[in-house]
Amino acid sequence: QLQKQREAQEAGWSGIKILEALSATGLRSVRYMKEIGVDIQKIVSNDWDPEAAKLIERNFEFNDIPKEKTEVKAMDALDLMYEKRKEKDYYDVIDLDPYGTAVPFLDSSIQALEDGGFL
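Starting from 1, residues in each chain are numbered consecutively following that chain's sequence as written. pLDDT decides what is reported in this predicted model: residues at 70 or higher carry local features, side-chain atom pairs at 80 or more are listed and counted, and totals for whole chains, interfaces and linings draw on all residues regardless. Here the side-chain values reflect all heavy atoms present in the structure, with hydrogen atoms and water set aside.

Caption draft 1: Representation of the overall build of the protein within the structure. The helix count covers DSSP runs of H or I at least four residues long, the strand count covers runs of E at least two residues long, and both are numbered beginning at the N terminus. When you go through the protein residue by residue, the secondary structure sums to five helices and five strands. Helices and strands appear in the protein in the N-to-C order α-β-α-β-α-β-α-β-α-β. A buried classification covers 35% of the 119 residues belonging to the protein. The long-range share in the protein, meaning contacts at least 24 apart out of those at least 6 apart in sequence, stands at 71%. Per element, the accessible surface of the protein, about 7,600 Å² overall, is 52% carbon and sulfur. Burial here depends on accessible area, computed with a 1.4 Å probe over protein chains only, as a share of the maximum for the residue type. Under 20% is buried, over 50% is exposed, and the range in between is partly exposed. Contact definition: two residues touch when any of their heavy atoms are within 4.5 Å. Shrake-Rupley sampling with a 1.4 Å probe provides the accessible areas, and residues are treated as covered by the protein chains on show and by no other component.

In structure tokens, the structure reads:
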């Protein structure tokens with residue numbers, strides 16, 4: 001496994017980029033970092049509520065998640081994903097877990113997803 005990581009880094013691969021678009025407390029982001037860890041370049045945790053974003057930051061700190069691998073946003077998930085598409089800054093994984101149907105998020109998430117990425 002370590003040899004594969006070295007080869008990937010030598011080829012210019014620096015890890016996967018993950019978006020948890022509807023984070024609430026950031027629990028899934030914490031699990032990604034704890035369970036995948038070194039293979040993550042960056043995880044973006046987003047919730048439209050600024051208070052939720054503060055809670056995500058506290059949960060990262062409480063769980064010893066490295067700040068250099070995280071970014072916390074308080075945005076509308078659709079706006080965030082369309083913004084990333086416009087910047088051509090795509091994610092390898094987009095985690096959607098809405099309280100209702102995911103249909104309103106499908107177009108923007110597919111637009112922000114790297115070719116071959118996971119939704």
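Caption draft 2: Quick look at the pattern of salt bridges. By convention in these notes, a salt bridge is any Lys or Arg side-chain nitrogen within 4 Å of a carboxyl oxygen on Asp or Glu. This model, assessed by the stated rule, comprises eight salt bridges. Residue Asp 89 pairs with Lys 17 through a salt bridge whose shortest N-O separation is 2.2 Å. Of this pair, Asp 89 sits in the loop between α4 (77-87) and β4 (91-95) while Lys 17 sits in strand β1 (residues 16-20), and the two are 72 residues apart along the sequence. By relative accessible area, which is 17% here, Lys 17 ends up buried. Among the ionic pairs, Arg 28 bridges to Asp 95, the shortest N-O distance being 3.0 Å.

Caption draft 3: Region of interest: the nonpolar core. Here, the term nonpolar core denotes a set of buried Ala, Val, Leu, Ile, Met, Phe, Trp, Tyr and Cys residues that are joined through side-chain atoms within 4.5 Å. Listed in full, the 12 residues of the largest apolar core are Leu 19, Ala 21, Val 44, Ala 77, Leu 80, Met 81, Tyr 91, Ile 94, Leu 96, Phe 105, Ala 112 and Leu 113. When residues of this core are traced back to their parent elements, those giving at least two are α4 and β4. Residues contacting Phe 105, with those up to four places away along its chain left out, are Leu 22, Ala 77, Leu 78, Met 81, Leu 96 and Pro 98. Among the nonpolar cores identified, the runner-up in size contains nine residues, and Ile 18, Ile 43, Phe 60 and Val 93 belong to it.

Caption draft 4: Layout of helix α5 (residues 103-111). Of the residues making up α5, those classed as buried are Phe 105, Ser 108 and Ser 109. The arc that holds the buried residues of α5, viewed along the axis, is 100 degrees, so those residues lie on one side. What points out from α5, more than 90 degrees from its buried face, is the exposed set Val 103 and Ile 110. Summarising the contacts, the buried residues of α5 are in contact with α4, β4 and β5 (113-118). This arc is taken over the directions from the axis of the helix to the C-beta atoms.

Caption draft 5: Broad picture of the side chain of Asp 47. Summarising the element assignment, Asp 47 is placed in the loop between β2 (40-46) and α3 (50-62). Buried charge Asp 47 goes without a salt bridge, the closest partner of opposite sign being Arg 28 at 12 Å. Within polar-contact distance, the side chain of Asp 47 engages the backbone nitrogen of Asp 49 at 3.0 Å. Discounting residues that sit within four places of it in the chain, Asp 47 has contacts with Ala 21, Leu 22, Ser 23, Ala 24, Ala 52, Ile 56, Lys 73, Ala 74 and Met 75. By the counting scheme adopted, Arg and Lys are positive, Glu and Asp are negative, and His together with the chain ends is not counted. Think of a polar contact as two N or O atoms within 3.5 Å of one another; within protein, one of them needs to be a possible hydrogen donor and the other a possible acceptor, and neighboring residues in sequence only count if both atoms come from side chains.

Caption draft 6: Main features of the layout of surface pockets. A cavity, in this analysis, means grid points on a 1 Å lattice covering only the protein atoms where a 1.4 Å probe fits yet has no way out; a pocket is instead an open set bounded by protein on both sides within 12 Å along at least five of seven lines, and a residue lines either one if it has an atom within 4 Å of a point. Grid points are joined across faces, edges and corners, and a volume is the space filled by probe spheres set on the points. Its boundaries defined by the atoms lining it, the largest pocket holds a volume of some 340 Å³. In this structure, the largest pocket is lined by 20 residues; those nearest its centre are Leu 22, Ser 23, Ala 24, Asp 97 and Tyr 99. For the lining of the largest pocket, the elements supplying multiple residues, two or more each, are α2 (27-35) and α4. Throughout this entry, Asp, Glu, Lys and Arg are counted as charged residues, while Ala, Val, Leu, Ile, Met, Phe, Trp, Tyr, Cys and Pro are counted as nonpolar. The remaining residues, Gly among them, count as polar. Here the residues of the lining of the largest pocket are counted per class, giving 11 nonpolar, four polar and five charged. Of the volumes computed, that of the second largest pocket is approximately 160 Å³.

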